[in-house]
Amino acid sequence: MSRTAFESQMHGFAFVNRWEFDDDEREQLHKTFADYLKWGTILGAAAFGLPGAILIPRGIRALRDMMESHLAPGYGLCGGMCFTVLDFYKAGLPVPRRRHSNDQPAPGTRLRSYIWKRQVDSLVSDGARFMAWLIALNHIPQSWPFQGGTAWLLAQSREEWKKLKAAVDADKPVPIGLVRDTKNVYDNHQVLAIGYDEVDEAHGMIYLYDPNCPDRVSTISIEFGEQLLDGREDCGALAPLRGFFCEAYTPRDPTEAIE
């Protein structure tokens, strides 16, 4: 087993990822994802090796319809929370943990505003990848010549597994995006990988700070099968994990979040 020095009970927040959004915030979340459904942006997802380009327009339409009907009143700030605690960790500053799971910072406070900004940053850096992977999962057949579906996410996740292990071995916690067996982008999740265990080539465990289950170490058991990745989260996910990727995190100075 390989672990970083990040400790969820010390470096993570004690409060849970449960927030109230105003209308402007909800609309900004929706717009951030919707911007990635523009033709040029998703077609540019070839940078992610997205297969079956001829079928991408169908996937765009389906995702747009799903987003219009599922504007996610309960969508959290998982990416913002992970980016924020990692900012404090890298800066060598104590994270403002608060006291308990229901002790979220109030709207208008510096910490709440900072977490929101970092949430937007996480979607700007990786929103297109979430969209591209969902299109590959749900709208591009696994059969030749398309070669999408769960097998494509499996192949991509194998490469991301190598990146995750290299980061952890270098004592670097890494935010990862989780793509679940869903058609709704709002059902996916962002967590902070802080360790891993590799049983064999097909089985492993990822140790996490998960904002949905604060103040403890969460885990994902992963099995690289022949045609799909089967990931099981111990933090109450409603659907199995079908892919994960290391996010494009860039540190920021967190002192503006200190009250």
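Placed above this text is the structure.
About the criteria used
- Residues numbered from 1 in each chain as written.
- Predicted model: local features only at pLDDT ≥ 70, side-chain atom pairs only at ≥ 80, totals over all residues.
- Heavy atoms only, no water.
- Helix = DSSP H or I, 4+ residues; strand = E, 2+ residues; numbered from the N terminus.
- Buried < 20%, exposed > 50% of the residue type's maximum accessible area, 1.4 Å probe, protein only.
- Contact = heavy atoms within 4.5 Å.
- Areas by Shrake-Rupley, 256 points an atom, 1.4 Å probe, with all protein chains shown as cover.
- Disulfide = S-S within 2.5 Å.
- Expected span 1.5 Å × (residues − 1).
- Axes fitted to C-alpha atoms, helices over the stretch in contact; angles between N-to-C directions.
- Parallel < 35°, antiparallel > 145°, perpendicular 65-115°, else oblique.
- Nonpolar A, V, L, I, M, F, W, Y, C, P; charged D, E, K, R; others polar.
- Phe/Tyr/Trp six-rings, centres within 6.5 Å; stacked < 30°, edge-to-face > 60°.
- Core = buried A, V, L, I, M, F, W, Y, C linked by side-chain atoms within 4.5 Å.

Brief notes about the overall build of the chain
Then step 1. In terms of helices and strands, the chain carries seven helices and seven strands.
Then step 2. Of all 259 residues assigned to the chain, the portion counted as buried reaches 54%.
Then step 3. In the chain, 71% of the contacts between residues at least 6 apart in sequence involve partners at least 24 apart.
Then step 4. Counting only carbon and sulfur atoms, one obtains 52% of the accessible surface of the chain, whose full area is about 11,500 Å².

Details of the state of the cysteines
Then step 1. Inspection of the entire model under this criterion finds one disulfide.
Then step 2. Across the disulfide from cysteine 213 sits cysteine 235; the S-S distance is 1.9 Å. Disulfide cysteine 213-cysteine 235: the torsion about the S-S bond is 105°, which places it as right-handed. Of this pair, cysteine 213 sits in the loop between strand E4 (203–209) and strand E5 (218–224) while cysteine 235 sits in the loop between strand E6 (229–233) and strand E7 (241–246); the two residues are 22 residues apart in sequence, bridging distant segments of the chain.
Then step 3. Using a relative accessible area of 14% as the deciding quantity, one classes cysteine 213 as buried.
Then step 4. Since its relative accessible area comes to 14%, cysteine 235 is described here as buried.
Then step 5. Cysteine 78 forms no disulfide, and the closest cysteine sulfur to it belongs to cysteine 82, at a distance of 6.6 Å.

Describing helix H5 (residues 78–91)
Then step 1. Across its 14 residues, H5 extends 20 Å between first and last C-alpha, which sits within 8% of the 20 Å expected from 1.5 Å per residue.
Then step 2. Residues of H5 that are buried: Cys78, Gly79, Gly80, Met81, Cys82, Phe83, Thr84, Val85, Leu86, Asp87 and Phe88.
Then step 3. On the buried face of H5, the contacting elements are helix H1 (8–11), helix H6 (110–139), strand E2 (174–180), strand E3 (189–200) and E4.
Then step 4. In the segment just after H5, glycine 92 is the residue with positive phi, at about 70°.

Observations concerning the packing of H5 against H6
Then step 1. Contact pair H5 / H6: the axes reach a minimum separation of 7 Å and the direction vectors enclose 110°. In terms of orientation, H5 and H6 fall into the roughly perpendicular class. Counting all contacts with H5, which are made through Cys78, Gly79, Gly80, Met81, Phe83, Thr84 and Asp87, the residues of H6 involved are Leu111, Tyr114, Ile115, Arg118, Gln119, Asp121, Ser122 and Ser125.
Then step 2. Its residues assigned to classes, the contact of H5 with H6 comprises six nonpolar, six polar and three charged.

Thoughts on the packing of aromatic side chains
Then step 1. Under the definition given, this model contains twelve aromatic pairs.
Then step 2. Centroid distance phenylalanine 13 to phenylalanine 15: 4.5 Å. Interplanar angle 25°. Geometry classified as stacked.
Then step 3. With a relative accessible area of 0%, phenylalanine 13 lands in the buried category.
Then step 4. Seen from their ring centres, tryptophan 161 and phenylalanine 224 are 6.2 Å apart, and the 50° between their planes marks the pair as tilted.

Observations concerning the nonpolar core
Then step 1. One finds Phe13, Ile115, Leu192 and Tyr209 to be the most contacted residues of the largest nonpolar core, which totals 26 residues.
Then step 2. What phenylalanine 13 contacts, discounting residues up to four positions off in sequence, is Met81, Thr84, Val85, Val95, Pro96, Arg97, Leu111, Ile115, Tyr209, Pro214 and Asp215.
Then step 3. Counting residues in each nonpolar core, the second largest holds 20 residues, with Leu154, Trp161, Val191 and Phe244 among its members.

Fair warning: the whole summary comes from geometry, so function is off the table for now.
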